[in-house]
Amino acid sequence: MTNVKDVERNMDFHGDALDTIFDTYRLMRENCPVGRSEKYGGFWFLSKSDDIFKVEQDPENFSVKPTMLVPPVADFPMIPIDTDLPELAEYRRILLPLFTPQALAKMEKSVREVAQDLASKFIASGETDATAGFARALPTIFFSRLAGFPEADWPKFDAWVDDILYERTVDPDRAKKAQDDVVAYFGDLLDKDRSGSVPEAGTGTIMDFLIAAKVNGKPLTRDELLSYCYLMFLGGLDTTAWAIRASLWYLAQNVDEQQMLRENPDLIPMAAEEFLRTMAPVQAMGRTCMKDVVIRGQEIKAGDRVVLLFGAGNRDPEIYDEPDKIKIDRADNRHLAFGAGHHRCLGSNLGRRELVIGLEEFLSHVPEFTLGDPSEKWYGVGRLTLNIKK
């Protein structure tokens, strides 16, 4: 018999814990919707969707400082996610011109061209690893171009991302070295001669916008620039790759639904939202309680860390019919994959379009595929072996 208290004390959402995380979420929602874990220095966790939404929209009582990530992925605050209002709004405003509907519409052709090229090469090469050949390659190529990262440097990005995000709970020293390498890399890029002139929306790179930016009338400091670049690097290269890979992992085991999307491509945007809901790249984010509060009878003290379990809220039966079932035509889908409130992911609309276009082009170019290695997990950006029907 499962000991609920033991599960609560050891609540984790990284590494091997993700093997059974959906069972863990269900157990916590039913028995301990507000619990206390002893992992990572100790934190409260919320597993119900309504509670998570309320905290996301309550910056007065819940701060993102010192960091939203539990455990941290940097030893400095990451801009903009680790800042509160009003600074948060100023930092986010810098890149908003890049993510307007008009700007995204201009990007769509480029995203599709990259996806078409990768899907064609994947099937022509006889490659079986869809992660390396497509899921990781698409955001690496497109986002790196958007950001202004030199193409010659792209081959070293995956190892840095993996060490920072996936080794920090296993080998912190390795993660720290990768962090230092990335910061040094961006330091070198910033040292190169740049005009600093304000680019027009849709014409400049992320690096151009950051270098030209002013907050409260002053250019960003070097530390601010390094912090912003570091976050964009991690967010832009990992989360979309995870989302594409997880979607293909599911479709490889559900050939009927795979075929349904080929025959009805207009369903792909809905399917993408469902994949994001059920297999979100970001399973949780942290806050710090600023005042003593009570949630569902639990007293949370000022200074306590609170983790919002997005992955649990996304499967809350009070919100979703058959929450653990992936329904590729689910219409009403207010999920938490991108967060909510003031800290909702700045690049969510871009990430969503990359996922949809990636699925459209992969399914239109690649014949029926099945999972080649059942031991490969749903999560992360590891290898995804596909058997392609001849």
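This text goes with the structure placed above it.
Residues numbered from 1 in each chain as written. Predicted model: local features only at pLDDT ≥ 70, side-chain atom pairs only at ≥ 80, totals over all residues. Heavy atoms only, no water.

Lay out the environment of Cys289 with the relevant residues and their values.
For Cys289, the location among the structural elements is in strand β6 (residues 285–289). Judged by relative accessible area, which is 1%, Cys289 ranks as buried. (Helix = DSSP H or I, 4+ residues; strand = E, 2+ residues; numbered from the N terminus. Buried < 20%, exposed > 50% of the residue type's maximum accessible area, 1.4 Å probe, protein only.)

Explain the pairing of strand β1 (residues 34–37) residue by residue, including any values.
Relative to strand β2 (residues 43–46), β1 runs antiparallel, the two sharing four bridges. By the bridge assignment, Arg36 is partnered in β2 with Trp44. What sits between β1 and β2 in their antiparallel hairpin is a turn of five residues, with Tyr40 showing a positive phi close to 50°. (Pairing = 2+ DSSP bridges.)

Outline helix α7 (residues 137–147), supporting the account with residue identities and numerical values.
For an α-helix, 3.6 residues make a turn, and residues three or four places apart therefore share a direction. With ten of its eleven residues buried, α7 lies for the most part within the structure. Where α7 is concerned, the buried positions are Ala137, Leu138, Pro139, Thr140, Ile141, Phe142, Phe143, Ser144, Leu146 and Ala147. Packed against the buried residues of α7 are α5 (101–125), α6 (130–135), α8 (157–166), α10 (206–212), α11 (222–252) and α15 (348–365). The positive-phi residue at the C-terminal boundary of α7 is Gly148, with phi of around 95°. (Contact = heavy atoms within 4.5 Å.)

An account of the side chain of Asp51 is requested, with residue identities and associated values reported.
Mapped onto the elements, Asp51 comes out in helix α3 (residues 49–56). In this structure Asp51 comes out as buried when scored by relative accessible area, which is 9%. In contact with Asp51, other than residues within four places in its own chain, are Val34, Leu46, Ile295 and Arg296.

Report on the packing of aromatic side chains, specifying residues and quantitative values.
Applying the stated criterion across every chain yields a total of 21 aromatic pairs. Each ring, one from Phe143 and one from Phe149, has its centre 6.5 Å from the other, and the planes form 65°; the classification is edge-to-face. The buried category is assigned to Phe143, whose relative accessible area is 5%. Residue Phe149 is classed as buried on the basis of its relative accessible area, which comes to 5%. In this structure an aromatic cluster arises from ring pairing among Phe143, Phe149, Phe157, Trp160, Tyr185, Phe186 and Phe233. Across the ring face of Tyr40, the terminal group of Lys39 is positioned such that the distance to the ring centre comes to 5.7 Å. The ring centre of Tyr320 lies 4.7 Å from the NZ or CZ of Arg277, which sits over that ring. (Phe/Tyr/Trp six-rings, centres within 6.5 Å; stacked < 30°, edge-to-face > 60°. Lys NZ or Arg CZ within 6 Å of the ring centre and 35° of its normal.)

How would you sum up the pattern of salt bridges? Please name residues and give values.
Following the criterion strictly, the structure yields 36 salt bridges and no others. Put simply, Asp23 and Arg26 hold a salt bridge, and the shortest N to O gap is 3.0 Å. On the criterion of helical spacing, the pair formed by Asp23 and Arg26 is a turn pair, its members being three residues apart in helix α2 (residues 21–31). In this structure Asp23 comes out as partly exposed when scored by relative accessible area, which is 45%. (Salt bridge = Lys/Arg side-chain N within 4 Å of Asp/Glu carboxyl O.)

Describe in detail the pairing of strand β9 (residues 305–308), supporting the description with residues and values.
Here β9 shows a buried face lined by Arg305 and Val307 and a second buried face lined by Val306 and Leu308. Relative to β9, β2 runs parallel, the two being bridged by three bridges. From the neighbouring strand, Phe45 faces β9, where its bridge partner is Val307. Across four bridges, β6 lies against β9 in antiparallel orientation. The residue of β9 that forms the bridge with Thr288 is Arg305.

Account for the packing of α7 against α11, with residues named and values stated.
The contact between α7 and α11 brings their axes to 8 Å, and the two run at 150°. Here α7 is positioned roughly antiparallel relative to α11, judged by the angle of their axes. Both α7 and α11 take part in a crossing whose hand is right-handed. Here α7 contributes Leu138, Pro139, Thr140, Phe143 and Ser144 to the contact with α11, which in turn contributes Met232, Gly236, Leu237, Thr240, Ala241 and Ile244. Its residues assigned to classes, the contact of α7 with α11 shows seven nonpolar, four polar and no charged. (Axes fitted to C-alpha atoms, helices over the stretch in contact; angles between N-to-C directions. Parallel < 35°, antiparallel > 145°, perpendicular 65-115°, else oblique. Left-handed = near helix turned anticlockwise from the far one by under 90°. Nonpolar A, V, L, I, M, F, W, Y, C, P; charged D, E, K, R; others polar.)

So, to be careful, I would describe these as geometric facts and stop short of saying anything about function.
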